[in-house]
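Structure at a glance
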Amino acid sequence: MSGGRAEIPVLDLADWRGGAAPALAAALRHALEKVGFHFVTGHGIDWSIVEATFAECRRFHALPEAAKASLPVTRQITGYVGVGSGTTRTTALYDGGQANRVAAFLCKREEEGLNHWPEGLPGFRERVLDYMAAVDALAQRLLPLYEQALGLPAGWLAGRFAPADMHMRLAWYPAEPAGDARAADGEGFGVAPHTDNSFMTFLPQNDLPGLWIRPAGRDWTEAPHLPGSFLVNSGDALQRWSGGRVLSTEHFVRNRSGRERVSIPLFYGPDADTVLDGMPGHGSAVPVTYGAYTQWFSDRTYWGDDSPMP
Ligand SMILES: O=C(O)CCC(=O)C(=O)O
Ligand SMILES: [Fe+2]
């Protein structure tokens, strides 16, 4: 399919103090239904928290391989995956079977008691948890706007994110040989074409290119860089919950910049027991809990699980 490039809408929260915001909600609705990605600016998060988390990501990946490998990924989606230890197998978009050229440290909300923190990195845990708390607060602020954009009763979403389920990837992509990053086929993906498991994914911006997106009916487009913003995309959970009204837009990473690339996506969703069904005014989806869907997604990617999508 080829329909030109899609503009990524920008939602500026600077003048929004909460409450009804018809123009913002309309912009978000357009983003959700037509693009699947939008930028958030004016979010109020002190950018030094984001910079510190990128720095911690680099620090972690600079550890000796043995130190990282001593924290092997768990089925609870915490711990370390090395370059080539995960394969995108959650979508018909990609069946190439090549392992992803990315390493990542995975962590969750500390209260779940499942995190495995590295030794020898003082301050790492605190900074990463600070970052997660800051994004959690931003996401909670955004939920009423999602309610407005989707025509949901006030509080309908917020009550299902108390608390939210989230996991974060502190990802590191090796520098790959220069070449055409655009071709969405072939080898050497950092992350092969996929959609996310999440309700929404937060990608804080840095100046390292490599993310390509393809909104429905459009061409592959390299995501533009908007300094100091979060690029937010909707994932499969919101798509299913909304009966397909919200897009879960395809994207891939290929790092042809000649530099190492770091990225710290945070995958945000409702409480794991939430059944993704019954959103007022939206067609019914095949019901699944957020926790079960996320587990399936992770099991296929990291554990070679072959069970069909729940
Ligand atoms: O690194 C990025 O920019 C995006 C990574 C991604 O799509 C993912 O981890 O799901
Ligand atoms: Fe993704």
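Residues numbered from 1 in each chain as written. Chains lettered and ligands numbered in written order. Predicted model: local features only at pLDDT ≥ 70, side-chain atom pairs only at ≥ 80, totals over all residues. Heavy atoms only, no water.

Filter applied, for reference: UniProt positions are given in the numbering used here, feature names are shortened, and annotations may be inferred rather than shown by experiment.
The name an unreviewed UniProt entry assigns to the protein is 2-oxoglutarate-dependent ethylene/succinate-forming enzyme, from the organism Marinibaculum pumilum. According to the UniProt record, the Pathway (unreviewed entry) comment for the protein is "Alkene biosynthesis; ethylene biosynthesis via 2-oxoglutarate." Listed in UniProt under the heading Cofactor (unreviewed entry), the comment for the protein reads: "Fe(2+)".

Quick look at the state of the cysteines
Inclusion rule: Put simply, a disulfide is two cysteine sulfurs that come within 2.5 Å. Only protein chains enter the area calculation, which uses a 1.4 Å probe; residues under 20% of their type maximum are buried, those over 50% are exposed, and those in between are partly exposed.
Considering all chains together, one arrives at zero disulfides under this definition. Not part of a disulfide, Cys 57 finds its nearest cysteine sulfur in Cys 107, a span of 10 Å. For Cys 107, a relative accessible area of 0% translates into the label buried.

Let's talk about the coordination of the iron ion (ligand 2)
Definition in use: Donor atoms are limited to N, O and S found within 2.8 Å of the metal ion, a distance that becomes 3.2 Å for Na, K and Ca. With water left out, some sites might look partial. Secondary structure is summarised from DSSP: a helix means a run of H or I of at least four residues, a strand means a run of E of at least two, and numbering begins at the N terminus for each.
Coordination of the iron ion (ligand 2) by the protein involves His 194 (NE2), Asp 196 (OD) and His 251 (NE2), with metal-donor separations of 2.1 Å. Read N to C, the donor residues that coordinate the iron ion (ligand 2) are spaced as H-x1-D-x54-H. Taken together, the positions of His 194 in strand 6 (residues 191-194) and His 251 in strand 11 (residues 250-253) put the pair 57 residues apart, joining distant regions of the chain. Here His 194 matches His 251 in class, with each residue buried.

Details of the layout of surface pockets
As a reminder, the rule being used: A pocket here means an open set of points on a 1 Å grid, computed over the protein atoms alone, that has protein on both sides within 12 Å along at least five of seven lines. A cavity is instead a set of points where a 1.4 Å probe fits but cannot get out; residues with an atom within 4 Å of a point line either one. Grid points are joined across faces, edges and corners, and a volume is the space filled by probe spheres set on the points.
Empty space within the largest pocket amounts to approximately 680 Å³. Surrounding the largest pocket, 44 residues form its lining, Tyr 173, Val 191, Leu 203, Val 253 and Pro 265 being those nearest its centre.

Structural notes on the site of ligand 1
Note the cut-off: Near residues are defined by distance, with any heavy atom within 4 Å of the molecule or strand qualifying the residue. Counted as a polar contact is a pair of N or O atoms within 3.5 Å, where, for protein atoms, one must be capable of donating a hydrogen and the other of accepting one, and residues adjacent in sequence contribute only when both atoms are in side chains. Just a note on the criterion: a molecule sits in a pocket or cavity if more than half of its atoms are within 2 Å of the grid points.
Taken together, the neighbourhood of ligand 1 is formed by Arg 169, Tyr 173, His 194, Asp 196, Leu 203, Leu 211, His 251, Val 253, Arg 261, Ser 263, Pro 265 and Phe 267. Arg 169 has a polar side-chain atom sitting 3.5 Å from an oxygen atom of ligand 1. In this structure, an oxygen atom belonging to ligand 1 sits 3.1 Å away from a side-chain N or O atom of His 251. Taking a 2 Å distance to the grid points as the criterion, the majority of the atoms of ligand 1 fall inside the largest pocket.

Here we look at helix 4 (residues 124-150)
Note the threshold: Multiply 1.5 Å by the residue count of a helix minus one, and that product is the helix's expected span.
Spanning 27 residues, helix 4 covers 37 Å between terminal C-alpha atoms, matching the ideal 39 Å at 1.5 Å per step. One or two residues past the end of helix 4 sits Gly 151, with phi positive at roughly 70°.

A look at the pattern of salt bridges
Defined as follows: The term salt bridge refers to a pairing of a side-chain nitrogen on Lys or Arg with a carboxyl oxygen on Asp or Glu at a separation within 4 Å.
With the rule as written, the count across this model stands at 13 salt bridges. Across the pair Glu 176 and Arg 101 runs a salt bridge whose closest N-O atoms are separated by 2.9 Å. Placement of the pair is Glu 176 in the loop between strand 5 (165-173) and strand 6 and Arg 101 in the loop between strand 3 (79-81) and strand 4 (103-108), with a sequence separation of 75 residues. On the basis of relative accessibility, which here comes to 11%, the residue Glu 176 falls in the buried class. By relative accessible area, which is 32% here, Arg 101 ends up partly exposed.

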